[in-house]
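Here is how the chains run, residue by residue.
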Amino acid sequence: MTKDLTNSDLDRKNILNNNIAIQEVYQQIGFFGFKHDGKFRFTKQQLAEYFEVDIRTIERIVENNRDEVVESGYEIYTGIKLKDFKDKIAEFVNRINEGIYVPDTNVGNMVQSFENELDSLSKTPQLAVFTYKSFLNVGMLLTGSEKAQILRSAILDIVIDVLNQKIGGKTKYINQREEEFLPSAIREYNYRQEFTNALDYYITENKFKYAQLTDKIYKSIFKENAKEYRQILKLSTKESVRSTMYSEILDLIAGYENGFSKYLKTEFERLGRKLGLSEAILLFTNYEQITEATLIPLREKARSLMASRDLAFRDALHEKLKEYVNEVSSDDYDKFLGDRSMDLEKRLEENKEVFKRLKDR
DNA sequence: GTAGCCTTGGCCGTCTTCCT
DNA sequence: AGGAAGACGGCCAAGGCTAC
């Protein structure tokens, strides 16, 4: 079976979590509902009409995907909440009928359908209410409806467009777009120096020692060595591996580099001589074991972030981290695509003064 | 071609909630 | 307490698609 929105909850969540793309979908798809409590709200009847399916079909989608639909905003209104909702609609419809407020056609149709329901609505003790997100969610799950298919393909187009617009189609350095990247990269750079210094001082001369121990760290954190990572992200030999890494990974690498440097130093002092490369590699395995308990949670998180983001943003699958692939959080979409995100170059420009100060220290 | 599967539509009974 | 209406889920038949 080919993977598409109707059968991949991961892809659905990745789209629904992408607030930047969803904003664009609002604009382009339309279908504005009645805004209540800060969100557009729709009834089951309205969804059925939009998708041109029976109410029972909408109900079945909800029935079979309850958790997901609830997460995207589906709700049952009862009691005071429902009363409030009904009052607001009645008021809204009245204002339009009195000509105080003139809606555009989109909203006009919506009002009409609310008005049609107003009679029965006034008596009902409970009402299923969808948000815009849960409306899209239902659209992603409806396999039969032609309208839903059109909606799905429109959503996908928009999601791709937004990604292209925001990062000009270049996802290679999307990791650099979040605020945390720069401080992490700087911190890591410093620890990297300590690390290479330590390898200089405490390990006998060997031109492979840097590469081998660096790969040890990479493998420990995300199971791939630099070469494998390079292949998966399609990096040329000139491009720096670290410049493509997310801040969380860089932080963790810095932790390893710092920790192992100290550990290596202690061993050097205990022995009173430099270590050979194979000794150092054994020592690293040892270091991995004694720090394992502390590092496992961080490592698990790093793997999950890296595997999930690379699949969603870079269309790159880390085969060895397959079981760590999860949805990308809406917070992540904001971080990498939203207002807080920025080209590294631009961020450097904005932080010029800060860097000047740092440099002068 | 057709058997089998999935989705949908339609019907129904039960549950929930609130109003009179 | 009784009634009214939507929510919910079971059931079955029709239609469409797929694999053999």
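As a reminder, the structure under discussion sits directly above these lines.
All of these numbers come straight from a predicted model, not from anything done at the bench. (Residues numbered from 1 in each chain as written. Chains lettered and ligands numbered in written order. Predicted model: local features only at pLDDT ≥ 70, side-chain atom pairs only at ≥ 80, totals over all residues. Heavy atoms only, no water.)

Residues and numbers for the side chain of Ser243, please.
Structurally, the position occupied by Ser243 is in the loop between helix H12 (226-232) and helix H13 (247-271). For Ser243, the residues in contact, after removing those within four places along its chain, are Tyr173, Asn175, Gln176 and Phe181. (Helix = DSSP H or I, 4+ residues; strand = E, 2+ residues; numbered from the N terminus. Contact = heavy atoms within 4.5 Å.)

Give a description of helix H4 (residues 55-64) that names residues and reports values.
Of all the residues in H4, the buried ones are Ile58, Ile61 and Val62. What you see down the axis of H4 is that its buried residues fit within an arc of 95°, all on one side. Seen from the open side of H4, the exposed residues pointing more than 90 degrees away from its buried face are Glu63 and Asn64. Those residues of H4 that are buried are in contact with helix H3 (44-51), helix H5 (66-71), strand E4 (126-131) and helix H8 (132-141). The backbone nitrogen of Arg56 has a side-chain oxygen 2.9 Å away, supplied by the residue at the start of H4, namely Asp54. (Buried < 20%, exposed > 50% of the residue type's maximum accessible area, 1.4 Å probe, protein only. Arc of directions from axis to C-beta. Polar contact = N/O pair within 3.5 Å; in protein donor to acceptor, adjacent residues only side chain to side chain.)

Go over the packing of H3 against H8, please, and point to the residues and values.
Look at H3 against H8: their axes get within 11 Å of each other, and the N-to-C directions meet at 45°. When the axis of H3 is compared with that of H8, the two are oblique. As for how H3 packs across H8, the hand of that crossing is right-handed. Where H3 abuts H8, its residues Leu47, Tyr50 and Phe51 lie against Phe135, Val138 and Gly139. Residues that form the contact of H3 with H8 fall into these classes: five nonpolar, one polar and no charged. (Axes fitted to C-alpha atoms, helices over the stretch in contact; angles between N-to-C directions. Parallel < 35°, antiparallel > 145°, perpendicular 65-115°, else oblique. Left-handed = near helix turned anticlockwise from the far one by under 90°. Nonpolar A, V, L, I, M, F, W, Y, C, P; charged D, E, K, R; others polar.)

Can you explain the sheet that holds E4? Please cite residues and give values.
Strand order in this open sheet of four strands is E1-E2-E4-E3, and the pairing throughout is antiparallel. The open sheet has two edge strands with one neighbour each: strand E1 (34-36) and strand E3 (75-78). Averaged over all pairs of adjacent strands, the angle between their axes in this sheet comes to 50°, without regard to strand direction. The pairing of E1 with strand E2 (residues 39-43) spans three bridges and is antiparallel. Paired with His36 across the bridge in E2 is Lys39. Running over the sheet, H3 touches E2 and E4 and is turned about 80° from E2. Its contacts with the sheet put helix H6 (residues 79-97) on E1, E2, E3 and E4, and the angle it makes with E3 is roughly 85°. (Pairing = 2+ DSSP bridges.)

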